[in-house]
Amino acid sequence: MKLKEIIANALKIDKNIITDETSPKNCESWTSLNHLILIKEINKNYNIKLSFAEIKTIKNVSDIKNLLKSKGVYNE
Amino acid sequence: MREIKVPQINANDTTYTVNEIYFQNGELVHKQDIIASVSSSKIINDIESEFDGFIYFLKNSYDEINIGEILAYCFDTKEEYDKYLLTPKEKTKQELNKDYILTKPAQKFAKENNISEEQILSLNKKIIKTQDLQNLISNTLNKENNSFKKLSFNQIQSANAVIQSHKEIPQAFHLIKTDCTKCEEFLKEYSEKTGIITGYSEVITVVLSELFNDFPQFFSRYVNENEIEYAPYPIIGTTTDTGFGLFMPTVKCKNKMTLEKVSEIMFDYKMKSMDNSFEADDLAPGNISISYNPKKNIVSVVPIVFPNQSAMVSVCSPVKELSFDNDKNILEKSFLYLGLAFDHRVINGFCAMEFLSEISEKIENVDFAITEG
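Not measured: the values here are computed from a predicted model.

A. Expanded view of the packing of helix α3 (residues 104-112) of chain B against helix α5 (residues 130-144) of chain B. All names here are of chain B. Relative orientation of the contacting elements α3 and α5 amounts to 30°, with a least axis distance of 8 Å. Here α3 lies roughly parallel to α5, going by the angle between them. Judged by residue contacts, Pro105, Ala106, Phe109 and Ala110 of α3 engage Thr130, Leu133, Gln134 and Ile137 from α5. A breakdown of the residues in the contact of α3 with α5 according to their chemical character gives six nonpolar, two polar and no charged.

B. Main features of the environment of B:Glu364. Residues and elements named next belong to chain B. Following the sequence through the fold, glutamate 364 ends up in helix α10 (residues 349-364). Judged by its relative accessible area of 28%, glutamate 364 falls in the partly exposed class. Taking the C-alpha atoms as reference points, glutamate 364 and methionine 312, 52 residues apart in sequence, are found 20 Å from one another. Residues within four places of glutamate 364 in sequence aside, it is in contact with Lys177, Thr178, Asp179 and Lys182.

C. Region of interest: unusual backbone geometry. Phi is positive for A:Asn47, which is not a glycine, with a value near 55°. Its location among the elements puts A:Asn47 in the loop between α2 (32-46) and α3 (52-56). Judged by relative accessible area, A:Asn47 falls into the exposed class, the value being 71%. With a phi close to 50°, B:Val366 is a non-glycine residue in the positive phi region. Of note, B:Val366 is situated in the segment after α10. The class for B:Val366 is buried, based on a relative accessible area of 17%.

D. Quick look at the domain arrangement of chain B. Residue and element names in this part refer to chain B. Parsing chain B into structural domains produces domain 1 (2-89), domain 2 (93-168) and domain 3 (170-364). If you look at the interface, domain 1 gives ten residues, while domain 2 gives six residues. Summing both sides of the interface, domain 1 and domain 2 together bury roughly 620 Å²; the carbon and sulfur share of this comes to 42%. Taken together, the connections running from domain 1 to domain 2 amount to zero residue pairs in polar contact (both at pLDDT 80 or more). With three residues, strand β2 (residues 15-21) is the largest single contributor of residues to the side of domain 1 that touches domain 2. Each residue belonging to the side of domain 1 that touches domain 2 can be placed in one class, and the counts come to one nonpolar, seven polar and two charged.

E. Focus on the sheet that holds strand β6 (residues 53-57) of chain B. Residues and elements named next belong to chain B. In space, the four strands of this open sheet follow the order β1-β8-β6-β3, with antiparallel pairing throughout. The two strands at the open ends of the sheet, each matched to only one other strand, are β1 (2-5) and β3 (28-29). Here β1 runs beside strand β8 (residues 70-75); their pairing, made up of four bridges, is antiparallel. Within the sheet, the bridge partner assigned to isoleucine 4 lies in β8 and is alanine 72. Where helix α1 (residues 78-86) meets the sheet, its contacts fall on β6 and β8, and the angle it forms with β6 comes to roughly 25°.

F. Local environment of the interface of chain B and chain A. At the interface, 14 residues of chain B touch 14 residues of chain A. Across the chain B/chain A interface, buried area totals approximately 1,400 Å², and carbon plus sulfur atoms make up 78% of it. Our count for the chain B to chain A interface comes out at two salt bridges. Among the ionic pairs, B:Glu192 bridges to A:Lys25, the shortest N-O distance being 4.0 Å. On the surface where chain B and chain A come into contact, there are one residue pair in polar contact (both at pLDDT 80 or more). If you list the elements that add at least two residues to the side of chain B that touches chain A, you get α7 (181-194) and α9 (259-275) of chain B. Across the side of chain B that touches chain A, the residue classes break down as five nonpolar, four polar and five charged.

G. Structural view of helix α4 (residues 61-70) of chain A. Residues and elements named next belong to chain A. By the burial criterion, the buried members of α4 are Val61, Ile64, Lys65, Leu67 and Leu68. Looking straight down α4, one finds its buried side chains confined to an arc of 165°; they lie on one side. Elements in contact with the buried residues of α4: α1 (3-11), α2 and α3. A side-chain oxygen of the first residue of α4 lies 3.2 Å from the backbone nitrogen of serine 62; this N-cap is asparagine 60. Where α4 ends, the next residue or the one after it, glycine 72, has phi of about 75°, a positive value.

H. Broad picture of empty space enclosed by the protein. Going through the model one piece at a time under the given rule, you end up with two cavities of 30 Å³ or more. The calculated volume of the largest cavity comes to roughly 70 Å³. Around the largest cavity, the lining residues are A:Ser32, A:His35, A:Leu36, B:Ile197, B:Glu202, B:Ser263, B:Phe267 and B:Lys270. Where the lining of the largest cavity is concerned, the elements lending two or more residues are α2 of chain A together with α9 of chain B. Considering only enclosed or pocket space, the second largest cavity measures out at about 30 Å³ in volume.

What counts and what doesn't
Residues numbered from 1 in each chain as written. Chains lettered and ligands numbered in written order. Predicted model: local features only at pLDDT ≥ 70, side-chain atom pairs only at ≥ 80, totals over all residues. Heavy atoms only, no water. Axes fitted to C-alpha atoms, helices over the stretch in contact; angles between N-to-C directions. Helix = DSSP H or I, 4+ residues; strand = E, 2+ residues; numbered from the N terminus. Parallel < 35°, antiparallel > 145°, perpendicular 65-115°, else oblique. Contact = heavy atoms within 4.5 Å. Nonpolar A, V, L, I, M, F, W, Y, C, P; charged D, E, K, R; others polar. Buried < 20%, exposed > 50% of the residue type's maximum accessible area, 1.4 Å probe, protein only. Domains from an automatic or database assignment. Buried area = accessible area lost by both parts, 1.4 Å probe. Polar contact = N/O pair within 3.5 Å; in protein donor to acceptor, adjacent residues only side chain to side chain. Pairing = 2+ DSSP bridges. Salt bridge = Lys/Arg side-chain N within 4 Å of Asp/Glu carboxyl O. Arc of directions from axis to C-beta. 1 Å grid on protein atoms, 1.4 Å probe; cavity = no way out; pocket = protein on both sides within 12 Å on 5 of 7 lines; lining within 4 Å. Points joined across faces, edges and corners; volume = space filled by probe spheres on them.

Written as structure tokens, this is what we have:
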């Protein structure tokens, strides 16, 4: 599953409205619970286990991409 | 002959179900051998033998077993084991049940309505009257009409804890209204700045850990009418529900806690709650609990006090209300309704108010440790 689809499913939003700037600040359904679901789905789909220190760096979609790139599991 | 008892595994549960037994009666077991597994509403746990010896189980698979009840005996020698088997045992529950008395009108009613002995035994009563048999027939008819539904295992386990609490603990409840406007702003800023998504469950965990030294009785355990037992350090149970079941993992506050540290622990628990990957230590019993109820528009809940604890704090989502400032201007503020259920044998009402006021003030003023240093 592509990253946008993972985010759309976890946050229950249309994947076409997701941009790099999408964040809990501008996306109402990016709640604390959906944030947990998003992390769980990322871990599952990319076969990784993000640490709390890594999760803390996620403030928007761009941060997720950068994090996955740094772990070598994501290409644009 | 030594006893192997079932320890408390999860604070919420009073009864477990024997899942599997790994040895035959009379087999030789060694210390730390896993002899059986028991399941609670949340977790399956292995039971280890505490001794070397020959095992004799008092329970079978699928039997219910209470915390502290004997699961098995362990005998030092085979001779001791054999001697035990030859000792006359007490009557089993089923045998005892047969000692019932059926009143004369009930005997006639049973005959007229073809009620079997098995059905009469299922009433589990000493003296059985016609009314009991009428109820039995009525219940059987309701079952046949499908109006009876079996309760889930989780509900039965929760009910056991609730029944025990209501039976043993004379509980009182206080409620306080807390202005959390400043704390709301703080949590929003904190989350944006640090990327740590946190909330009142975490805040109250830190606050409670900071009040431990001044209010030790709220973390204590009722022993008898003259004594309570103080806890060495706070172990705080927090409700965690991410839609995959309600769990009560505990935050062990041996050292000074901060919001950052508690948020990390709670984040891990929330992740574990999504695939029920808790370890036994995560769900170890606490000495105080927090009931967190984030559903919108729920203002307050009255929780139970868990057996072996003396208090539970309850918190719901903040509610927005219009309020006056000092110059009588109207402004929008956020309020929390904080509840405190407590064991009235251990804590008096005045103390409870003091404790609740302290929690409230710390939240109002954002007066709790946030990060190290």
